[in-house]
Amino acid sequence: MSRQEKLKNLHEKWTKECTCELRKTATQAVLGYGNPNADIIFIGEAPGKKEDELGLPFVGAAGKFLDGMLKEIKLKREDVYITNIVKYRPPNNRDPLPEEKAACRTWLLEEIKIISPKLIVFLGRHAMNNFFPELKIGSAHGKLITKKVKEIDTKYFFPLYHPAAALYNGGMRHNLIVDFKKIPKVLKKIESGV
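Asker: I would appreciate a short explanation of helix H1 (residues 3-17) in the present structure.
Answerer: In an α-helix, one full turn covers 3.6 residues, which means residues spaced three or four apart are oriented alike. With 15 residues, H1 should cover 21 Å at 1.5 Å per step; its first-to-last C-alpha distance of 21 Å lies within 8% of that length. Where H1 is buried, its residues contact strand E3 (81-84) and helix H4 (98-115).

Asker: Just to check I follow, could you spell out the nonpolar core for this structure?
Answerer: Nonpolar side chains tend to gather and get buried jointly when the protein is soluble and globular. Core analysis: the largest hydrophobic core is formed by 36 residues, its most contacted members being Ile-43, Tyr-88, Ile-112, Phe-122, Phe-131, Ile-152 and Phe-157. Those elements giving two or more residues to this core turn out to be H1, strand E2 (40-44), H4, strand E4 (119-123), helix H5 (125-131) and helix H6 (137-140). In terms of residue count, H4 provides more of this core than any other element does, eight residues in total. Among the nonpolar cores identified, the runner-up in size contains 24 residues, and Phe-58, Phe-65, Leu-160 and Val-186 belong to it.

Asker: Got a minute to help me understand the packing of H1 against H4 in this structure?
Answerer: In a pair of packed helices, the angle between the axes and the distance between the axes together describe the arrangement. Close contact between H1 and H4 brings their axes to 10 Å; oriented N to C, the two are set at 175 degrees. Taken together, H1 and H4 sit at an angle that is classed as roughly antiparallel. Two secondary-structure elements touch here, H1 through Arg-3, Lys-6, Leu-7, Leu-10, His-11, Lys-13, Trp-14 and Thr-15 and H4 through Thr-106, Trp-107, Glu-110, Glu-111, Ile-114 and Ile-115. Classifying every residue of the contact of H1 with H4 by side-chain character gives six nonpolar, three polar and five charged.

Asker: Honestly, the sheet that holds strand E1 (residues 33-34) in this entry has me stumped. Any pointers?
Answerer: Adjacent strands of a sheet pair through backbone hydrogen bonds, lying either parallel or antiparallel. The six strands are arranged E1-E3-E2-E4-E6-E5 in an open sheet whose pairing can be described as mixed. The strands lining the two open edges of the sheet, one partner per strand, are E1 and strand E5 (145-146). The pairing of E1 with E3 spans two bridges and is antiparallel. Pairing of Gly-34 across the sheet is with Tyr-81, part of E3. The strands touched by helix H9 (residues 183-191) within the sheet are E2, E4 and strand E6 (156-160), with E4 carrying the most contacts at an inclination of about 150 degrees.

Asker: Got a minute to help me understand unusual backbone geometry in this structure?
Answerer: Excluding glycine, a negative phi dihedral is what most residues carry, and trans is how most peptide bonds are arranged. Even without being a glycine, Lys-74 presents a positive backbone phi close to 65 degrees. Tracing the chain through its elements places Lys-74 in the loop between helix H3 (61-72) and E3. Despite not being glycine, Asn-92 shows a phi value in the positive range, around 55 degrees. Here Asn-92 lies in the loop between E3 and H4. According to the relative accessible area criterion, Asn-92 is exposed, its value standing at 72%.

Asker: Just to check I follow, could you spell out a nonpolar patch on the surface for this structure?
Answerer: The grouping of Tyr-33, Leu-54 and Leu-56 at the surface amounts to a nonpolar patch, some 250 Å² of accessible area in total. As for its placement among the helices and strands, Tyr-33 is situated in strand E1.

The rules behind each value
- Residues numbered from 1 in each chain as written.
- Predicted model: local features only at pLDDT ≥ 70, side-chain atom pairs only at ≥ 80, totals over all residues.
- Heavy atoms only, no water.
- Helix = DSSP H or I, 4+ residues; strand = E, 2+ residues; numbered from the N terminus.
- Expected span 1.5 Å × (residues − 1).
- Contact = heavy atoms within 4.5 Å.
- Core = buried A, V, L, I, M, F, W, Y, C linked by side-chain atoms within 4.5 Å.
- Buried < 20%, exposed > 50% of the residue type's maximum accessible area, 1.4 Å probe, protein only.
- Axes fitted to C-alpha atoms, helices over the stretch in contact; angles between N-to-C directions.
- Parallel < 35°, antiparallel > 145°, perpendicular 65-115°, else oblique.
- Nonpolar A, V, L, I, M, F, W, Y, C, P; charged D, E, K, R; others polar.
- Pairing = 2+ DSSP bridges.
- Patch = residues over 30% accessible without salt bridge, like charges linked within 9 Å, V, L, I, M, F, W, Y side chains within 5 Å.
- Areas by Shrake-Rupley, 256 points an atom, 1.4 Å probe, with all protein chains shown as cover.
- Salt bridge = Lys/Arg side-chain N within 4 Å of Asp/Glu carboxyl O.

Fair warning: the whole summary comes from geometry, so function is off the table for now.
Next comes the structure, spelled out in structure tokens:
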């Protein structure tokens, strides 16, 4: 079975079985999207209004910003895989609650296992803290974390500010663009065995 088929089966299974309370208020599950053979997975926080309407991750203003940054490093959305720690939109775009993150965690971990990326890029503190609760995004952004996480094989992580936050904060936007441009070098470093 191909990775594409495995992902399709995974999403069908969890769309039925996920116990996340957010499914009661969301329009639909927003599934991960992109290349099932990607070297890089981008993980965001949760779907927003536009994502909830269309059923795709990062399609609003933050998604357009992300697409622009991908283009800067000679990548397209089809080259990477994009998902969120929570698959359903929280009401009024509030932060997902710990129990909502927990309800979607196995779904996310299984996505990561199927794709088996070389690098996981966290888009924002919620995604990063889902794996590394002790870290602060202000000091961790733009730095490669090499650490084994028991549930997955990937051991390389790269935290970034969330594109939505950077849209409204000039300094954060500048840092995000600078950090984003490091991704090709980080990937080369990983491929050469760090």
